[in-house]
Amino acid sequence: MGVYRDLGRDFDEWFDWIVREAEIYDYGRYPVKGMGVWLPYGFKIRKYVIELMRDLLDSTGHEEILLPILIPDNILAKESEHVRGFEDQVYWVTHGGLTPLDVKLALRPTSETPLSYLESLWIKSYKQLPKKYYQVVSIFRYETAATRAMIRVREVTTFKEAHTLHSTYEDSERQVAEAVEVYSTFFRELGIPFVISKRPEWDKFPGAIYTIAFDTLMPDGKTLQIGTVHNLGRSFTIAFNVWIHMPDGSMDFGWQTSYGISERVIASLISVHGDETGLRLPFKYAPVQVVIVPIPAGTEEVRKKVIELCGRVAEVLRAGGLRSVIDDREDMTPGDKFYYWERRGVPIRIEIGPKELQEESVTIVRRDTRSRSLVRISELVEEVKKVGREYDEAIKSEALRGFASHVIKASSIEEAEKAVSSGNIVELPWCGRVSCATELEVRVGGKALGTPLKVDESVVMGLKCPLCGNEARTLMRYSRRY
C-alpha cells in the first residue's frame, strides 16, 4: 500500500474507525444507502471549514443565495450535453402525495440550469456584470458505485457551488483564475496538499468548455478530487436565452463559470493530517482548541483547588478568544481523557495538578509532538496562540512534504506503472493525442488526472510520448483515483 503516513492500520479501516470514534459522521446506518448524518462534533468541523470558504468568497465579491431543491424536468433538460452527463444519476419526484405531477421534478444534482433560467429574468445589461453567486446546499446523485462516508455519497450535504456570469469570454477567464486562487488559498489554509490539473476532454464537466480540478493524495495512495472549476462558456446562456445588452448597443449571450467543493474537503482534512491515534485538526479550525484536564492528587482540599484553577484557566482562554473545555469527568482516568481528546484531534492539552497549582502555572502539551512546557497563567493566552501557530505550521509542512515525495516524473510506461501501483501521482510526457492518453491509462494502471495548468517548454523539450514516440507537448498526470 502506497501510504505517506503511518496510520497503524489499513486506511479504509482507519477512516471508518475515526469518523465513528471521534463522533464526526454516522454512515451506513441511516436506512437510505449513500446518506450520512453529521454528528455534533463533526458538524462543528464542517462549520469552521465552511466559514473559511464563505469569508474567501465574500471578500472577492461573491453573494450568497439559496435556490430551491427541486428542478423541473423541462429546465434540467434544456442543455443537452449537461443532462446527458447526469441523466443516470438524477433522483426524480413524480408525485405530490397521491397525485401524479404534470412535470416531474429532479432533486438538484447541481444548479447551472435553474440559475441560468433565473439569470435570463434577472440580468439584462453588461452594467450588472460580473455577477458572482454561491450557495452551500445538499445535492443528490444516484451513485451506482460503492459508496463511502463523505467520499462517495448519494446526498452531498456540503456542496458549495459558485456560479458567475460575465459579458465577455476574457472576463470569464479572469474569473476562472480568481476561482483557482480562492481554492488554492482555501486548501493551503487547511494544510491540504494538492495538484491542479486541467481535466482531459473526456472527463470535463458536462456542458463546460473545460474543467480544472484540485486533487489530493489520500494515505492509501489514491487521489481524491476535492474541488473543480469550470469555464462553462455560453452553453447554458444560449440554451436559456441569457441575453446581455452590450456597451456598443448590441445584444449577445453571457459567459459563465461555476466551481464547487463538497464534504470531501472534510474527508481529506481528516485523512492527510491524521495519525495512528486519531485526528490532528488544524488549531484554527478545531471545534475544541484546548482541553483542560485536571490531574487528581493530594488531599480533597487540593483537588478542589485544582478544579477551581481549571475553571479560572478556562475563563482566561475564552476571554482570549480560544475555544476550550474542561474535562472534569470523575469516571475516567487522566490517561483515558488524554486518549479521548487526542482521538478527536484537539491541538493543545492543558494539565493542571498540585504542582501547577503551587506555581500558578499550567502544563501545555502539543497533540502532534506531545512536547510539554510549563507556562504561567499570566502568559497563557499568548503562549497558547503561539503554540497553536507552530502546531499548524508543523502539520501542514509534514503533509506537504509527504505529498511532494509522491508526485513523480517518469519517462517510460514501466516506470509509470511502478509509480502508480506504489501510490503515487505520476507525470508522463504526452504528445496530445487522446488515443495515447487513454491507452496509457490501461498500461500504467491509473486514470488520467489531466495536464498541469502551466508547463514550461524547457520541461518537455526533447521528451517523447512513451507510447507513440512522438514529441511531447505537455505532461499528463496519472494515478489511482477514488
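Scroll up to find the structure this text is about.
Here, residues in each chain are numbered from 1, in the same order as that chain's written sequence. For a predicted model such as this one, the threshold for reporting local features is a pLDDT of at least 70, and the threshold for listing and counting side-chain atom pairs is 80 or more; totals across whole chains, interfaces and linings nevertheless cover every residue. Excluding hydrogens and water, the side-chain values take into account all heavy atoms of the structure.

### Thoughts on the pattern of salt bridges
Phase 1 of the analysis: A pair is scored as a salt bridge if a Lys or Arg side-chain nitrogen falls within 4 Å of a carboxyl oxygen belonging to Asp or Glu. The final tally for this structure, using the stated rule, is 31 salt bridges.
Phase 2 of the analysis: Between E178 and K132 there is a salt bridge, with the nearest N and O atoms lying 3.0 Å from each other. Here E178, found in helix α6 (residues 169–190), pairs with K132, found in strand β7 (residues 131–140); they are 46 residues apart in sequence, far enough to count as distant. Accessibility assignment for this pair places E178 and K132 in one class, buried. Starting at the N terminus, helices and strands are each numbered in turn, a helix being any DSSP run of H or I of at least four residues and a strand any DSSP run of E of at least two. Classification of residues uses two cut-offs on accessible area relative to the type maximum, computed with a 1.4 Å probe and protein chains only: under 20% is buried, over 50% is exposed, and between them is partly exposed.

### Some details on the sheet that holds strand β16 (residues 324–326)
Phase 1 of the analysis: Strand order in the open sheet made by the 5 strands is β16-β15-β17-β18-β19, with mixed pairing throughout. The sheet terminates laterally at β16 and β19 (372–376), the two strands that pair on one side only. Across the sheet, the mean angle separating the axes of adjacent strands is 25° when strand polarity is ignored.
Phase 2 of the analysis: Here, residues are in contact when the closest pair of their heavy atoms is within 4.5 Å. Axis angles are defined between N-to-C directions and span 0 to 180 degrees, where every axis is a line fitted to C-alpha atoms and, for a helix, only to the segment in contact. Helix-sheet contacts for helix α10 (residues 334–343) involve β15 (290–294), β16 and β17 (348–352), and the interaxial angle to β15 is about 170°.
Phase 3 of the analysis: Against the sheet, helix α12 (residues 380–404) makes contact with β15, β17, β18 (361–366) and β19, and its axis sits at roughly 10° relative to β18, the strand it touches most. At least two bridges found by DSSP between two strands is the condition for calling them paired.

### What about the nonpolar core?
Phase 1 of the analysis: Residues F15, I24, M150, F186, F187 and I270 are the most contacted members of the largest nonpolar core, which totals 67 residues.
Phase 2 of the analysis: If sequence neighbours within four positions are ignored, F187 has contacts with I192, F194, F214, I226, G227, I261 and V265. In this text, buried Ala, Val, Leu, Ile, Met, Phe, Trp, Tyr and Cys residues form a nonpolar core when linked through side-chain atoms within 4.5 Å.

### So, the packing of helix α1 (residues 11–21) against helix α8 (residues 264–273)
Phase 1 of the analysis: Packing of α1 against α8 leaves a shortest axis separation of 11 Å and a crossing angle of 110°. One way to sum up the angle between α1 and α8 is to call them roughly perpendicular. Helix-helix and strand crossings are classified by hand; for α1 and α8 the assignment is right-handed. On the side of α1, the interface is formed by F11, W14, F15, I18 and V19, while α8 contributes A267, I270 and S271.
Phase 2 of the analysis: For the contact of α1 with α8, the residue count by class is 7 nonpolar, 1 polar and no charged. Note that the term roughly parallel is reserved for angles under 35 degrees, roughly antiparallel for angles over 145, roughly perpendicular for angles of 65 to 115, and oblique for everything else. In this scheme the crossing of two helices becomes right-handed for a clockwise turn of the near helix relative to the far one and left-handed for an anticlockwise turn of less than a right angle. Any residue outside Ala, Val, Leu, Ile, Met, Phe, Trp, Tyr, Cys, Pro, Asp, Glu, Lys and Arg is labelled polar, Gly included; the first ten of those are nonpolar and the last four are charged.

### Considerations on the sheet that holds strand β4 (residues 70–72)
Phase 1 of the analysis: Strand order in the open sheet formed by 3 strands is β4-β6-β5, with antiparallel pairing between adjacent strands. The open sheet has two edge strands, β4 and β5 (92–96), and neither has a second partner. Ignoring which end each strand starts from, the neighbouring axes of this sheet average 45° apart.
Phase 2 of the analysis: Sheet topology note: the β5/strand β6 (residues 99–107) ladder contains 4 bridges and is antiparallel. Across the sheet, H95 pairs through a bridge with P100, a residue of β6.

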